[in-house]
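Chain and residue survey
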Amino acid sequence: MLPIVLVIEDDDTIQGIVEDALSEGGFEAAIATTGEEAVTLLKGRLVAYRALVTDINLLGRFSGWEVARAARDVDPNFPVVYMSGVAAHEWPAQGVPNSIMLQKPFAPVQLTTAISQLLNGLSVVGSSRD
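Let us look at the structure shown here. Residue numbers here run from 1 along each chain, matching the order of that chain's written sequence. Totals for whole chains, interfaces and linings use every residue, but because this is a predicted model, local features are given only for residues with pLDDT of at least 70 and side-chain atom pairs only at 80 or more, for both listing and counting. Values shown for side chains rest on all heavy atoms present in the structure; no hydrogens or waters enter the calculation.

**Concerning the overall build of the chain**
The following threshold applies: Secondary structure elements are defined from DSSP: runs of H or I of at least 4 residues count as helices, runs of E of at least 2 residues count as strands, and each element is numbered from the N terminus. Taken over C-alpha atoms, the radius of gyration is set against a globule rule of 2.2 Å times the number of residues to the power 0.38. The classification of residues rests on relative accessible area computed with a 1.4 Å probe and restricted to protein chains. Under 20% of the type maximum is buried, over 50% is exposed, and intermediate values are partly exposed. A contact between two residues is defined here by any heavy atoms of the two lying within 4.5 Å. Exposure was quantified through the Shrake-Rupley algorithm and a 1.4 Å probe, taking into account, for residues, occlusion by the shown protein chains and nothing else. His residues and chain termini do not enter the charge count, which takes Lys and Arg as positive and Asp and Glu as negative. Note that the charge is assigned to NZ on lysines, CZ on arginines, CG on aspartates and CD on glutamates.
The helix and strand tally for the chain stands at five helices and five strands. Taken from the N to the C terminus, the helices and strands of the chain come in the order β-α-β-α-β-α-β-α-β-α. Taking 2.2 N^0.38 as the reference for a compact globule, 130 residues should give roughly 14 Å; the C-alpha atoms of the chain span a radius of gyration of 13 Å, in line with that estimate. Over its C-alpha atoms, taken along the principal directions, the chain stretches across nearly 35 × 30 × 30 Å. When the 130 residues of the chain are sorted by exposure, 44% land in the buried category. In the chain, of all internal contacts separated by at least 6 residues, the share reaching a separation of at least 24 is 65%. Carbon together with sulfur atoms contributes 52% to the accessible area of the chain, which is approximately 6600 Å² in total. The positive charge centre, built from 8 side chains, and the negative charge centre, built from 16, are 10 Å apart in the chain.

This is the structure in structure tokens:
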């Protein structure tokens, strides 16, 4: 059974790129299009998600920052990878500790590498907040 990664992204094109990258990297993607949907899925605990990949600017009330904090409420060590084209500069102040920010556009392999590093507990030099 492949590890399931919860992806929050409302752009269909980026969803496809992320799904393909995760599939090629040995993960299964579960897609949510709003922060509210993602928080409901995380708190419901019906699926054992292994990591969260979230855009920052989302449809609905919650931002990616807020979704990541909700994920950490469920599991304080939950791996979080942020993706953003415009909000990356806010990551040092808004991002959860030991997360990774990928600036859009990024190479698909960067995504699977980031998730693998977080899942394996490797320190991510220059990319994680402590």
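**Focus on the environment of I31**
Take I31: it is sitting in strand β2 (residues 28-32). Apart from residues no more than four positions distant in its own chain, I31 is found in contact with V7, E9, Q15, E19 and E37.

**Some remarks on the pattern of salt bridges**
Put simply, the test is: We count a salt bridge whenever a side-chain nitrogen from Lys or Arg sits within 4 Å of a carboxyl oxygen from Asp or Glu.
Taken as a whole and assessed by the stated rule, the structure comprises three salt bridges. In this structure, E9 engages K104 in a salt bridge whose closest nitrogen and oxygen atoms are separated by 3.1 Å. Within this pair, whereas E9 is found in the loop between β1 (4-8) and α1 (12-24), its partner K104 is found in the loop between β5 (100-103) and α5 (108-119), the two being separated by 95 residues in sequence. The network of salt bridges with common partners includes E9, D55 and K104.

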